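# Results of the structural survey
Listed here are the chains, written in short residue letters.
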Amino acid sequence: MSYDAIRRPEEVVGYWCETLTAKDWWQGTPELDGRVREQFAATHLALSREVSPEWRASPEARLAAIIVLDQFPRNMYRASPMAFATDWIALREARLALEAGADKLVDYGRRHFFYMPFEHSEDLADQDLCVSLFEAHGDEMYLDYAVRHRDVIAEYGRFPHRNAFLGRVSTHHEEAYLAEPGAGF
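These notes cover the structure that comes with them. (Residues numbered from 1 in each chain as written. Predicted model: local features only at pLDDT ≥ 70, side-chain atom pairs only at ≥ 80, totals over all residues. Heavy atoms only, no water.)

### So, the packing of helix α4 (residues 59-76) against helix α5 (residues 87-99)
Put simply, the rule reads: Helix axes are fitted only over the stretch in contact, all axes being lines through C-alpha atoms; the angle between N-to-C directions runs from 0 to 180 degrees. A run of H or I in DSSP becomes a helix once it reaches four residues, and a run of E becomes a strand once it reaches two; helices and strands are each numbered from the N terminus. Oblique is the label for every angle not falling under 35 degrees (roughly parallel), over 145 degrees (roughly antiparallel), or within 65 to 115 degrees (roughly perpendicular). Here a crossing is called left-handed whenever its near helix is offset anticlockwise from the far helix by less than a right angle, and right-handed whenever the offset is clockwise. In what follows, a contact means two residues having at least one pair of non-hydrogen atoms within 4.5 Å. Amino acids outside the nonpolar list (Ala, Val, Leu, Ile, Met, Phe, Trp, Tyr, Cys, Pro) and the charged list (Asp, Glu, Lys, Arg) are all regarded as polar, and Gly is one of them.
Running from amino to carboxyl end, α4 crosses α5 at an angle of 155°, the nearest separation of the two axes being 9 Å. The pairing of α4 with α5 is recorded here as roughly antiparallel in orientation. Like other packed secondary-structure pairs, α4 and α5 cross with a definite hand, here left-handed. Taken together, the residues of α5 that come into contact with α4 (itself represented by Arg62, Ile66, Leu69, Asp70 and Arg74) are Asp87, Ile89, Ala90, Glu93, Ala94, Leu96 and Ala97. Of the residues that constitute the contact of α4 with α5, the class distribution is 7 nonpolar, no polar and 5 charged.

### Observations regarding the pattern of salt bridges
To keep it simple, the criterion reads: Salt bridge, as used here: a side-chain nitrogen of Lys or Arg that lies within 4 Å of a carboxyl oxygen of Asp or Glu. The rule is simple: take the accessible area with a 1.4 Å probe, protein chains only, and divide by the maximum for that residue type; under 20% is buried, over 50% is exposed, in between is partly exposed.
Applying the stated criterion across every chain yields a total of 18 salt bridges. With its nearest N and O atoms 3.9 Å apart, the salt bridge here joins Asp87 to Arg162. Of this pair, Asp87 sits in helix α5 while Arg162 sits in the loop between α9 (140-156) and α10 (163-166); the two residues are 75 residues apart in sequence, bridging distant segments of the chain. Arg162 gets classed as buried once you look at its relative accessible area, which sits at 6%. The salt bridge involving Arg148 is made with Asp144; its shortest N-O contact spans 3.4 Å.

Here it is, written out as structure tokens:
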């Protein structure tokens, strides 16, 4: 596979949802991060410039766009500001997908990816929406994470664990939080 090949939506969903496991999604490794970067960096860059109609043509295509813009950068650019650079585009695409009802038209085990951009947002209204979406989704694990993310935003107004990567100065309150075992995501 060429490093500069722009992949199709079905290739994205096939890789992320069929080749990888849930453990891969949440416990990245340098090897996995490298594979995602090698296979999908050109696709991520292309979608950061324009989400063409192909990526909105079906619920699965919309899912693929959100994965590329929200999930892949967290692997490709881990511990870098680039990990969050397309969050706003992923959030826009997630809103459009929800308006189109696309989340309800994909397999239940994939639906949560439509809601993740809201969980990654540093806006409390997006966090509240995320919790509502996960309440309706009915998966207790995802709901727990949504509530925990929302609580951090409600307390700090941002994700303190991103501060070092984004060049933000942590407050004393945030430093105390970050010193706690298991702080951050």
